Amino acid sequence: MSGHRLERVAIVLTGAAARGAFQAGALAALLTGLAEQGRSPTVAIGTSAGALNSALWASCAHLSPGEIAHALRSAWMSTDQQDVIAHPALSLPRAAVDMARSSLGLGGGMRALLDTSPLAATVDRYLDAEQVAANVEAGIVEAVGVVATRMPAVAEPVAVSSGRSVVFLDTRLDASGVDDPERAVDLAPTSITAHHVLASSAIPMVFPAAWVPTPPSRIGWYLDGGIRLNAPIRPAVQLGADRIVVVSAHATQYGESPPPEQAECPSPDAADAAAHVLHAVLADSMVEDLADLRWKNHLCEQVRGPVPGRSGRPLRRLPHLAVGPRPGQLAHLAEQVLSKKFGARVWDWWDDSGTWVLGRLIRGLGDGPGRAELLSYLAFDRDYFLAQVELGRKAAEAALAQGWQE
């Protein structure tokens, strides 16, 4: 209708390393489903694997929903481990040598367990940064952003806790509300490039930190954005979103409280502990943010008149969709897909040997439930990606059928 802008639909994509294929399958289905509702997203902000998916969406936003969906699915379905990391049999010994030298005072220390130089080439192949900028300039994309964690300068005597979340954002909208000093979240207006996507995806210790050269005010070393801001819901709200779609690679609600353990139950191993920490960092804050969004919607419904928000702007009711796998679903999928593969290939296994080496490394941390969880984050395997894309499609279709949460 003349004089009224269309609803602004924003996509928020969380991070989760190799689980990004689930997101791609879900986002592909969402785009076609939302188009049938007459709603086309114009804003996307992502973290880690979600940063790659948001940037890929922005580079294809001038195409039809079906063509965008095909591009998203194809990018993950044609990717294998050699497109993400160098063979672990080569990088892990180098990391061990660096660690040993450093322990003897002969070096600066290990930078990362894995070599991600193939990932840089893969992102360059799929991400058309010039088209992203052109789509923003044309107004087809109102905003596209990726989140990374700024590391303190090594030469400065500052605490590690001074790391900050940086939202690299290309937009013509009013983005002043994205800055959040109280939560150490900084806005960095810039064109989105492969540098920003790689920085957002740099898993601590596993992947090396990434150097970001633009914008000049934010030059520095960065790690995975999920460390501090895995679900960038608030930036999407501050950009004026009327509806928000959260595409997560984790369950979007807490599971049931577990029953009491038996006295003879074995103690958790290192893999269990690591998986628990990962979920606390990546999933719990996202679940809490969604609960906060629902509470604000309820408050706006109950209170007549404007309700002031923390930023000073009045709160608004924001209908939302939340798409994610069931608890433990991707861990089970990773174990199922990879166990079949290794069991069927006794001698002719070279193409999959990198995944096998990583699996053995994770097995060294334990064989409890956490092992499969860790595997689901690090199994950069084409067959696993293919299965995830299908699961993502089904989850998105179920969320669309359930409808918007008011």
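These numbers were taken from a predicted model, which means no experiment stands behind them.

1. Quick look at a nonpolar patch on the surface
There is a patch of nonpolar side chains on the surface, built from Trp211, Ile219 and Trp221 and spanning about 310 Å² of accessible area. When you line up the elements, Ile219 lands in the loop between strand E6 (210–212) and strand E7 (220–224). Look at Ile219 and you get partly exposed, because its relative accessible area is 34%.

2. With respect to the side chain of Thr171
Here Thr171 shows up in strand E4 (residues 164–171). A relative accessible area of 17% places Thr171 in the buried class. Separated by 2.6 Å, the side chain of Thr171 and the backbone oxygen of Glu142 make a polar contact. One polar contact links the side chain of Thr171 to the main-chain amide nitrogen of Leu173, over a distance of 2.9 Å. Those residues in contact with Thr171 that lie beyond four places of it in its chain are Val136, Glu142 and Ala143.

3. Some thoughts on the pairing of strand E3 (residues 143–150)
With seven of eight residues buried, E3 lies mostly within the body of the structure. Relative to E3, strand E2 (residues 43–47) runs parallel, the two being bridged by five bridges. Bridging across to E3, Gly46 finds its partner in Val146. Relative to E4, E3 runs antiparallel, the two being bridged by eight bridges. From the neighbouring strand, Arg150 faces E4, where its bridge partner is Arg164. Sheet topology note: the E3/E7 ladder contains three bridges and is antiparallel.

4. Notes on the nonpolar core
Grouped together as the largest cluster of nonpolar side chains are 86 residues, with contacts concentrated most on Leu30, Trp57, Phe168, Phe207, Val245 and Tyr384. If you tally residues by element for this core, the top one is helix H1 (residues 20–36), at nine residues. With sequence-adjacent residues up to four places away left out, Trp57 is seen in contact with Leu27, Leu31, Pro41, Thr42, Val43, Ala44, Ile68, Leu72, Val141 and Ala143. Within the second largest apolar cluster, 26 residues are counted, among which are Ala175, Ile233, Ile244 and Val287.

Conventions and cut-offs
- Residues numbered from 1 in each chain as written.
- Predicted model: local features only at pLDDT ≥ 70, side-chain atom pairs only at ≥ 80, totals over all residues.
- Heavy atoms only, no water.
- Patch = residues over 30% accessible without salt bridge, like charges linked within 9 Å, V, L, I, M, F, W, Y side chains within 5 Å.
- Areas by Shrake-Rupley, 256 points an atom, 1.4 Å probe, with all protein chains shown as cover.
- Salt bridge = Lys/Arg side-chain N within 4 Å of Asp/Glu carboxyl O.
- Helix = DSSP H or I, 4+ residues; strand = E, 2+ residues; numbered from the N terminus.
- Buried < 20%, exposed > 50% of the residue type's maximum accessible area, 1.4 Å probe, protein only.
- Polar contact = N/O pair within 3.5 Å; in protein donor to acceptor, adjacent residues only side chain to side chain.
- Contact = heavy atoms within 4.5 Å.
- Pairing = 2+ DSSP bridges.
- Core = buried A, V, L, I, M, F, W, Y, C linked by side-chain atoms within 4.5 Å.

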